[in-house]
Amino acid sequence: METLSENRCFGGIQGVYRYRSQACDCDMTFGLFLPEEARDGPVPVLWYLSGLTCTHENAMTKAGAQGWAAEQGIAVVFPDTSPRGEGVPDSPDFDLGQGAGFYVNATRPPWATHYRMWDHVATELPELVVRAFPIDPDRQAIAGHSMGGHGALTLAMNLPGRFRSVSAFAPICNPTGSDWGRKQFRAYLGGDETAWARHDATLLMGERGLDVPLLIDFGTEDQFIDLLRPEALAAAIAARRRPATLRFQRGYDHSYFFVASFMEDHVAFHAEALWG
């Protein structure tokens, strides 16, 4: 693993690191904020998954998570959203290819060799982070924005017992019923829609529910709200009768201004579960 940068940040360290990913068959970069408490031993960790067109850097520099995480004494990991580099397939469409891995393991050419973001985020990167840094593997939480919110929800529901809490900002809630999902799943996974179901938070909620605290925020002026389909997930939560907090924030859109405005709430929400 190569250290690209380490900067003092709210009493802790914001680092950026690169390593050779076997899952994605390319170099992968991630950010990691370690609070000051990490000097004394392992700390809880919040995974933050970013959305379409993002790298590890967007949330790391725009979401304002580090200050709130420092107050709570928790680490934050910022993975990338897709494989990158020479020889990695891409698309002229912003919502497919590099920057749009959708947190799935692709099975169709030309994507299958590199686009194994599920394995990268669910297994490979957590094992590396726990091995290399003072992270408590028994105290993990996960959050995400947009495509990353989709990833956070589906990882939490497919990996019961891994995360103590899950939250999302404007997640893609029902990708099998949206152009932000059907297009990508067909490209990455093929035409068999039964293979898509494990990557749809609404379908997963209806099938198995979620047994950890859940917080989701949407903006009432989100320009992509019809693609996110919050009403589908809300109906599934109600039908399953699962405890959850879904909030519609008046006047906010889909941007990082929205994310940063409510990041304090989300970090505090996770800290309660991680330290409880």
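Whatever comes next refers back to the structure up there.
On a predicted model such as this, the values are computed, not experimentally measured, just so you know.

About the criteria used
- Residues numbered from 1 in each chain as written.
- Predicted model: local features only at pLDDT ≥ 70, side-chain atom pairs only at ≥ 80, totals over all residues.
- Heavy atoms only, no water.
- Buried < 20%, exposed > 50% of the residue type's maximum accessible area, 1.4 Å probe, protein only.
- Helix = DSSP H or I, 4+ residues; strand = E, 2+ residues; numbered from the N terminus.
- Pairing = 2+ DSSP bridges.
- Salt bridge = Lys/Arg side-chain N within 4 Å of Asp/Glu carboxyl O.
- Phe/Tyr/Trp six-rings, centres within 6.5 Å; stacked < 30°, edge-to-face > 60°.
- Axes fitted to C-alpha atoms, helices over the stretch in contact; angles between N-to-C directions.
- Parallel < 35°, antiparallel > 145°, perpendicular 65-115°, else oblique.
- Left-handed = near helix turned anticlockwise from the far one by under 90°.
- Contact = heavy atoms within 4.5 Å.
- Nonpolar A, V, L, I, M, F, W, Y, C, P; charged D, E, K, R; others polar.

Visitor: Lay out the pairing of strand β3 (residues 26–34) with the relevant residues and their values.
Guide: Here β3 lies mainly inside the structure; eight of its nine residues are buried. Pairing of strand β2 (residues 12–21) with β3, which is carried by nine bridges, proceeds in the antiparallel orientation. In the sheet register, V16 faces β3, and the bridge partner there is G31. Following β2, the chain reverses through four residues before pairing antiparallel with β3; D25 in that reversal takes a positive phi of roughly 55°. Sheet topology note: the β3/strand β5 (residues 75–79) ladder contains four bridges and is antiparallel. Bridge pairing in β5 links F33 to V76.

Visitor: Can you lay out the pattern of salt bridges for me, pointing to particular residues and giving the numbers?
Guide: Counted under the stated rule, the structure contains 13 salt bridges. For D25, the salt bridge is made with R20, and the minimal N-O distance between the two is 3.4 Å. We classify D25 as partly exposed; its relative accessible area is 37%. In this structure, R247 and D217 form a salt bridge, with 2.7 Å as the shortest nitrogen-oxygen distance. Highlighted residues: R247 in strand β9 (residues 245–249) and D217 in strand β8 (residues 214–219), separated in sequence by 30 residues. Judged by relative accessible area, D217 falls into the buried class, the value being 0%. Through salt bridges that share partners, R20, D25 and D27 make up one connected network.

Visitor: Before we move on, can you summarise the pairing of β8 with the specific residues and values?
Guide: Here β8 lies mainly inside the structure; six of its six residues are buried. Of the two faces of β8, the one lined by L214, I216 and F218 and the one lined by L215, D217 and G219 are each fully buried. Direction of pairing for strand β7 (residues 166–169) relative to β8: parallel, over a ladder of four bridges. Its bridge partner being in β8, S167 is matched across the sheet by L215. Summarising the sheet, β8 and β9 pair through five bridges and their orientation is parallel. If you follow G219 over to β9, its bridge partner there is Q249.

Visitor: Pulling in residues and values, what's your account of the packing of aromatic side chains?
Guide: Inspection of every chain in the model, using the stated rule, returns 15 aromatic pairs. Where Y48 meets F78, the ring centres are 6.2 Å apart and the plane angle is 55°; that geometry is what we call tilted. Pair noted here: Y48 is in strand β4 (residues 43–49) and F78 is in strand β5, with a separation of 30 residues, a long-range link. Relative accessible area serves as the criterion here: at 1%, Y48 is assigned to the buried category. Residue classification places F78 among the buried positions, given a relative accessible area of 1%. Taking the centre distance of 4.9 Å and the plane angle of 70° together, the rings of Y252 and F262 count as edge-to-face.

Visitor: I'd love a proper account of the packing of helix α4 (residues 147–158) against helix α6 (residues 201–208), names of residues and values included.
Guide: One can describe the packing of α4 onto α6 by two numbers: an axis separation of 9 Å at closest approach and a directional angle of 25°. The angle between α4 and α6 places the two elements in the roughly parallel class. Of the two possible hands of crossing, α4 and α6 adopt the one that is left-handed. Contact with α4, carried on its side by L153, T154, M157 and N158, involves A201, L204, M205 and R208 of α6 and no other residues of that element. A class-by-class count of the residues in the contact of α4 with α6 yields five nonpolar, two polar and one charged.

Visitor: Mind laying out the side chain of H199, listing which residues take part and the relevant values?
Guide: Tracing the chain through its elements places H199 in the loop between α5 (179–189) and α6. Not counting chain neighbours up to four residues away, the residues in contact with H199 comprise Y103, V104, W118, H150, T154, P175, F185 and L189.

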